[in-house]
Amino acid sequence: KNKSIVIPGSGIDLDYFYPQEKVFDRNQIKLLFPSRLIKEKGILELISACILLDEEKIPIKLYIAGKLDEGNRSSLSKKEIAVLKGSKNIYLLGHIEDMRDLYRRIDIVVLPSWREGLSKALLEAAAMGKAIVTTNVPGCRDIVKHMETGLLVNINDPIQIKESIIKIYKNPGLIKKFGRAARLRVKKKFEVNKINKMTLREYK
């Protein structure tokens, strides 16, 4: 262990991913799920949470930005995709090449993944100054600190996801608070030039 070093991912370009002020609209909270459509990313739990939010009259819109991964055992079935397409307030966007404009238009990034290496999507969201709800697992909690840069939930827990979204909805100041702290954390730990220097230092 004393001869080992962990380099945290491949870094994030803060000049490319940068925040833009967004006015929060209490009549429509916008959520983003930025991932492939596989069950291990927690998409079914998020859908269940959205159903619960709708029952409690929380005005949400969920944008799903990711492609169907048909070769993956965990991929959503065509029947499940059809259900999503028929759901109100859920928008399947497919693969988005440049996510920056989409990040700017939403309020909360939600990724209730079962496991991650180091989530590139969460790094991008944090760099864009977004409030984040994600799971308390390695690769997610390395980026998000609970009640500091976002909210952590247990895996496979739609109720916790729902409650976290409601907490932010009822306290919209958290969106700015979490977003600013998230970007500062990325700048401190994951900024691409720092990561590149760490990598080059090891090779030298």
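Placed above this text is the structure.
Now for a quick tour of the structure. (Residues numbered from 1 in each chain as written. Predicted model: local features only at pLDDT ≥ 70, side-chain atom pairs only at ≥ 80, totals over all residues. Heavy atoms only, no water.)

## Observations regarding the nonpolar core
Point 1. Judged by nonpolar contacts, the single largest core of 61 residues is most densely connected at Leu 31, Leu 32, Leu 62, Ile 64 and Ile 168.
Point 2. Leaving out residues up to four positions away in the same chain, Leu 31 has contacts with Cys 50, Ile 60, Lys 61, Leu 62, Tyr 63, Ile 106, Ile 108, Val 110 and Ile 165. (Core = buried A, V, L, I, M, F, W, Y, C linked by side-chain atoms within 4.5 Å. Buried < 20%, exposed > 50% of the residue type's maximum accessible area, 1.4 Å probe, protein only. Contact = heavy atoms within 4.5 Å.)

## Some details on the side chain of Lys 130
Point 1. Locating Lys 130 in the fold gives a position in the loop between helix H4 (120-127) and strand S5 (131-135).
Point 2. No salt bridge forms around the buried Lys 130; measuring N to O, its nearest opposite-charge neighbour Asp 107 is 6.0 Å away.
Point 3. Side-chain polar atoms of Lys 130 contact the backbone oxygen of Tyr 103, separated by 3.2 Å.
Point 4. At 2.8 Å, the side chain of Lys 130 forms a polar contact with the backbone oxygen of Ile 106.
Point 5. Setting aside residues up to four positions removed in sequence, Lys 130 forms contacts with Tyr 103, Arg 104, Ile 106, Val 109, Ala 125, Gly 179 and Ala 182. (Helix = DSSP H or I, 4+ residues; strand = E, 2+ residues; numbered from the N terminus. Lys, Arg positive; Asp, Glu negative; His and termini not counted. Salt bridge = Lys/Arg side-chain N within 4 Å of Asp/Glu carboxyl O. Polar contact = N/O pair within 3.5 Å; in protein donor to acceptor, adjacent residues only side chain to side chain.)

## Considering the packing of aromatic side chains
Point 1. On inspection of all chains with the given rule, the structure shows 3 aromatic pairs.
Point 2. On the numbers, 6.3 Å between centres and 70 degrees between planes, the contact of Phe 24 with Tyr 169 is edge-to-face. Here Tyr 169 lies in helix H5 (residues 158-170) and Phe 24 lies in the segment before strand S1 (29-33), a separation of 145 residues in the sequence.
Point 3. Tyr 169 gets classed as buried once you look at its relative accessible area, which sits at 10%.
Point 4. Ring centres 5.2 Å apart and planes at 20 degrees place the aromatic pair Tyr 63 and Tyr 91 in the stacked group. In this pair, Tyr 63 sits in strand S2 (residues 60-64) while Tyr 91 sits in strand S3 (residues 90-92), placing the two residues 28 residues apart along the sequence.
Point 5. The lysine or arginine in question, Arg 26, covers the ring of Tyr 169, its NZ or CZ lying 4.5 Å from the ring centre.
Point 6. Directly above the aromatic system of Tyr 18 lies the positively charged group of Arg 104, at a separation of 4.6 Å from the ring centroid. (Phe/Tyr/Trp six-rings, centres within 6.5 Å; stacked < 30°, edge-to-face > 60°. Lys NZ or Arg CZ within 6 Å of the ring centre and 35° of its normal.)

These figures capture arrangement, not role.
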